[in-house]
Amino acid sequence: MNILLELFVVTFRVLWAFVLAAAKWLVRPKEKSVAGQVCLITGAGSGLGRLFALEFARRRALLVLWDINTQSNEETAGMVRHIYREMAEAAAAAPRVGGDGEKDALPHCNLQVYTYTCDVGKRENVYSTAERVRKEVGEVSVLVNNAGVVSGHHLLECPDELIERTMMVNCHAHFWTTKAFLPKMLEMNHGHIVTVASSLGLFSTAGVEDYCASKFGAVGFHESLSHELKAAEKDGIKTTLVCPYLVDTGMFRGCRIRKEIEPFLPPLKPEYCVKQAMRAILTDQPMICTPRLMYMVTFMKSILPFEAVVCMYRFLGADKCMYPFIAQRKQATNNNEAKNGI
């Protein structure tokens, strides 16, 4: 009898979850504040990582930027400082009415940005840099695992070292950064872990086996971690999985689907992708696929026979969409070797 009662309760909760999800589509949830919280972003020197840094800076978060490229990381930090200065000037110039009816200056937080050169593909480098962050900045409240690489080779032409590098940066690094900063989040029952994966972590295509495997691994890691936090009843620690379609950052330059379909599925603007992800993060949304069509593609891939999926891929031109990108990478490599006299 008890199990029947539990089954009834579970059924009700599942249906209620659908109702709440539908309600969030109709009524936009209120965004939480990250002002004054320490936010660490990996791969902050360019692309989506840089845009995430600027968005968090506009929300008055204290930024910790990690990247393997020191120069580009400092460039991002300079942009963040410019945003901080603009906000400070606006706060100083815009008095507000206090509780006693007198105008008071807007409170100004002493916001700072910290930069660290870190190769997230190297475990010891991650742990040592994380220790420096704890000593010099404090405990991290928001962790954005964004760093990513792509080799751009067919499987049999890809050097083993590049395959290992892709797995280390795109997947294994999430383990190291999370192990470094999660213990304090658990102690405080407060924090947010963001995994920037890819639609290629939900479904795959030809020619990028290492990249797809690394992103599938990142998605699996994130989902298992989310379940572990729920099992531990640590509801104060939120997780958000970000799975965008092809983003126009240059990472996959040359990638093309069928030309008749491309106007309906163009590469995403990086700014749009990050704004959608930020909305999901600040409303504690567990997962965001951009565009929404990716939800349908993932669902269909799960229920359709494999041969049906192949037919759809061929119709859309998605079966060989990476081939032009790989060809461009190979041509660029050959040109560099010729230039260097190799």
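Residues numbered from 1 in each chain as written. Predicted model: local features only at pLDDT ≥ 70, side-chain atom pairs only at ≥ 80, totals over all residues. Heavy atoms only, no water.

- The protein chain has the name NADP-retinol dehydrogenase in an unreviewed UniProt entry, where Calonectris borealis is given as its organism.
- What UniProt states about the protein chain under its Sequence similarities (unreviewed entry) heading is, verbatim, "Belongs to the short-chain dehydrogenases/reductases (SDR) family."
- Word for word, the UniProt comment on the protein chain under Catalytic activity (unreviewed entry) is "all-trans-retinol + NADP(+) = all-trans-retinal + NADPH + H(+)". (UniProt positions renumbered as here; feature names shortened; annotations may be inferred.)

1. Regarding the overall build of the protein chain
So, step 1. Each helix and strand in the protein chain was counted, giving 10 helices and 9 strands.
So, step 2. Computed over C-alpha atoms, the radius of gyration of the protein chain comes to 22 Å, within 12% of the 20 Å expected from 2.2 N^0.38 for 342 residues, which places it in the range of a compact globule.
So, step 3. Projecting the C-alpha coordinates of the protein chain onto the three principal axes gives extents of approximately 70 × 70 × 40 Å.
So, step 4. In the protein chain, which comprises 342 residues, the share counted as buried stands at 42%.
So, step 5. Sequence separation of 24 or more characterises 71% of the internal contacts of the protein chain that already satisfy a separation of 6 or more.
So, step 6. Split by element, the accessible area of the protein chain, about 19000 Å² in all, is 60% carbon and sulfur.
So, step 7. With 39 positive and 35 negative side-chain charges, the protein chain shows a separation of 4 Å between the mean positions of the two kinds. (Helix = DSSP H or I, 4+ residues; strand = E, 2+ residues; numbered from the N terminus. Rg over C-alpha atoms; globule rule 2.2 N^0.38 Å. Buried < 20%, exposed > 50% of the residue type's maximum accessible area, 1.4 Å probe, protein only. Contact = heavy atoms within 4.5 Å. Areas by Shrake-Rupley, 256 points an atom, 1.4 Å probe, with all protein chains shown as cover. Lys, Arg positive; Asp, Glu negative; His and termini not counted. Charge placed at Lys NZ, Arg CZ, Asp CG, Glu CD.)

2. With respect to the pairing of strand β8 (residues 237-244)
As a general feature of sheets, a regular strand has side chains that alternate between the two faces.
So, step 1. Of all 8 residues in β8, 7 are buried, a share of seventy percent or more.
So, step 2. Note: strand β7 (residues 191-196) against β8, 6 bridges, orientation parallel. Residue pairing in the sheet places Thr 195 in a bridge with Leu 241 of β8.
So, step 3. Following the chain from β7 across helix α6 (residues 209-231) to the adjacent parallel β8, one finds a crossover that is right-handed.
So, step 4. Of the pairings in the sheet, the one linking β8 to strand β9 (residues 287-290) comprises 4 bridges and is parallel in character. For Pro 244, the partnering residue across the bridge sits in β9 and is Thr 290.
So, step 5. Note on the crossover from β8 through helix α7 (residues 270-282) to β9: the handedness is left-handed. (Pairing = 2+ DSSP bridges. Right-handed = clockwise from strand over helix to strand, strands pointing away.)

3. Observations concerning the pattern of salt bridges
So, step 1. One pass over the structure, following the stated rule, counts 13 salt bridges.
So, step 2. Across the salt bridge formed by Glu 75 and Arg 50, the nearest N and O atoms sit 3.4 Å from each other. Linking Glu 75 in helix α3 (residues 70-93) with Arg 50 in helix α2 (residues 47-58), this pair joins segments that are 25 residues apart in sequence.
So, step 3. What makes Glu 75 partly exposed here is its relative accessible area of 40%.
So, step 4. Taking the relative accessible area as the measure of exposure, Arg 50 reaches 16% and is therefore buried.
So, step 5. Across the salt bridge formed by Lys 184 and Glu 187, the nearest N and O atoms sit 3.1 Å from each other. (Salt bridge = Lys/Arg side-chain N within 4 Å of Asp/Glu carboxyl O.)

4. What to know about the sheet that holds strand β5 (residues 113-117)
So, step 1. Across the sheet, which stays open at both edges, the 7 strands sit in the order β5-β2-β1-β6-β7-β8-β9 with parallel pairing between neighbours. Strands at the two margins of the open sheet, each flanked by one partner only, are β5 and β9. The sheet shows a mean angle of 15° between the axes of neighbouring strands, direction not considered.
So, step 2. Judged from the 5 bridges that link them, strand β2 (residues 62-67) and β5 form a sheet pairing that is parallel. Its bridge partner lying in β5, Asp 67 is registered against Thr 117.
So, step 3. Of the strands in this sheet, β7 and β8 are in contact with α6, which crosses β8 at around 160°. (Axes fitted to C-alpha atoms, helices over the stretch in contact; angles between N-to-C directions.)

5. Observations regarding α2
So, step 1. Given a rise of 1.5 Å per residue, 12 residues ought to cover 16 Å, and the 17 Å separating the end C-alpha atoms of α2 matches this to within 8%.
So, step 2. The element α2 is largely enclosed, with a buried count of 10 among its 12 residues.
So, step 3. Listed as buried for α2 are Leu 48, Gly 49, Arg 50, Leu 51, Phe 52, Ala 53, Leu 54, Glu 55, Phe 56 and Ala 57.
So, step 4. Positioned one or two residues after α2, Arg 60 has a phi angle of 65°, which is positive. (Expected span 1.5 Å × (residues − 1).)

6. Looking at the packing of α2 against α3
So, step 1. Here α2 crosses α3 at 20°, and the two axes come no closer than 9 Å. Between α2 and α3, the angle is such that the two are roughly parallel. Pair α2 / α3 crosses with right-handed handedness. Residues Arg 50, Ala 53, Leu 54, Ala 57 and Arg 58 of α2 lie in contact with α3, whose contacting residues are Ser 72, Glu 75, Thr 76, Met 79, Val 80, Ile 83, Tyr 84 and Met 87.
So, step 2. Considered class by class, the residues forming the contact of α2 with α3 number 8 nonpolar, 2 polar and 3 charged. (Parallel < 35°, antiparallel > 145°, perpendicular 65-115°, else oblique. Left-handed = near helix turned anticlockwise from the far one by under 90°. Nonpolar A, V, L, I, M, F, W, Y, C, P; charged D, E, K, R; others polar.)

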